[in-house]
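One-letter residues, chain by chain:
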Amino acid sequence: TNPQLGDGLGAALSEAPWANAESKLRELRLDGTGLGPAAGAGLAELLRSSRSLEKLVLNNNPELGDGLGAALSEAPWANAESKLRELRLIGTGLGPAAGAGLAALLRSSRSLEKLYLRGNPELGDATGAALAEGLQANAESRLRELHLN
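Residues numbered from 1 in each chain as written. Predicted model: local features only at pLDDT ≥ 70, side-chain atom pairs only at ≥ 80, totals over all residues. Heavy atoms only, no water.

Visitor: Mind showing me how you'd approach the nonpolar core here?
Guide: Nonpolar side chains in soluble globular proteins tend to be buried together. The biggest cluster of nonpolar side chains holds 29 residues, and the ones touching the most others in it are L58, L87, L89, L102 and L115. Those elements giving two or more residues to this core turn out to be α2 (40–49), α3 (65–74) and α4 (99–108). Ranked by residues supplied to this core, first place goes to α2 with four residues. The contact partners of L102, leaving out residues within four places of it in the chain, are L72, L89, L94, L117, L123, T127 and L131. (Core = buried A, V, L, I, M, F, W, Y, C linked by side-chain atoms within 4.5 Å. Buried < 20%, exposed > 50% of the residue type's maximum accessible area, 1.4 Å probe, protein only. Helix = DSSP H or I, 4+ residues; strand = E, 2+ residues; numbered from the N terminus. Contact = heavy atoms within 4.5 Å.)

Visitor: What's the story with the side chain of E113 in this structure? I'm lost.
Guide: By the element assignment, E113 lies in the loop between α4 and β4 (114–116). Among all residues touching E113, those that are not within four sequence positions of it are R85, R142, L143, R144 and E145.

Visitor: What is the right way to look at the pattern of salt bridges in this model?
Guide: A side chain of one charge can pair with a side chain of the opposite charge when the charged atoms of the two come close. One pass over the structure, following the stated rule, counts eight salt bridges. Where E54 meets R26, a salt bridge forms, and the shortest distance between an N and an O atom there is 4.0 Å. Remark: R26 occurs in the loop between α1 (6–12) and β1 (27–29) and E54 occurs in the loop between α2 and β2 (55–57); sequence separation between them is 28 residues. Taking the relative accessible area as the measure of exposure, E54 reaches 18% and is therefore buried. Salt bridges sharing common partners tie together R26, E54, R85, E113 and R144. (Salt bridge = Lys/Arg side-chain N within 4 Å of Asp/Glu carboxyl O.)

Visitor: Whenever I open this one, the packing of α4 against helix α5 (residues 124–136) confuses me. Can you help?
Guide: Packed helices, taken two at a time, are described by the angle their axes make and the gap between the axes. The N-to-C vectors of α4 and α5 enclose an angle of 15°; their axes lie 7 Å apart at closest approach. The orientation of α4 with respect to α5, classified from their angle, is roughly parallel. Handedness of the crossing formed by α4 with α5: right-handed. Within the contact between the two elements, α4 uses G99, L102, A103, L106 and R107 and α5 uses T127, A130, L131, E133, G134 and L135. Classifying every residue of the contact of α4 with α5 gives six nonpolar, three polar and two charged. (Axes fitted to C-alpha atoms, helices over the stretch in contact; angles between N-to-C directions. Parallel < 35°, antiparallel > 145°, perpendicular 65-115°, else oblique. Left-handed = near helix turned anticlockwise from the far one by under 90°. Nonpolar A, V, L, I, M, F, W, Y, C, P; charged D, E, K, R; others polar.)

Structure, rendered in structure tokens:
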């Protein structure tokens, strides 16, 4: 982990070469890098444009919070070319505002198999209901693992 990277790294994500459609990047681990709310826009752009990313790990960045929640709701989960299979958001400070983005992800993703949300006690009951609704609405869901606690 490198907590000094912070939001500068988050902002650079949208400019990085792995964010283009030709990138071959399959796994990106940003555990404990000090990402904060301002990183949300870069993460949204990465998720929007990457066609190769299969695993994204953002664990232990508790300041991401609502910035990440907004990124999740802005990412075009209906993108048929998305290959994202695993999303790890353990201890990222997600709260109720992230519920809509997470529900949109589950409603439309045809590739996601594993979603880790542990360590985000503020998600609450409304998010749980939104997740259930999202899963029920997606007949093509491949989700096999949903970690909430």
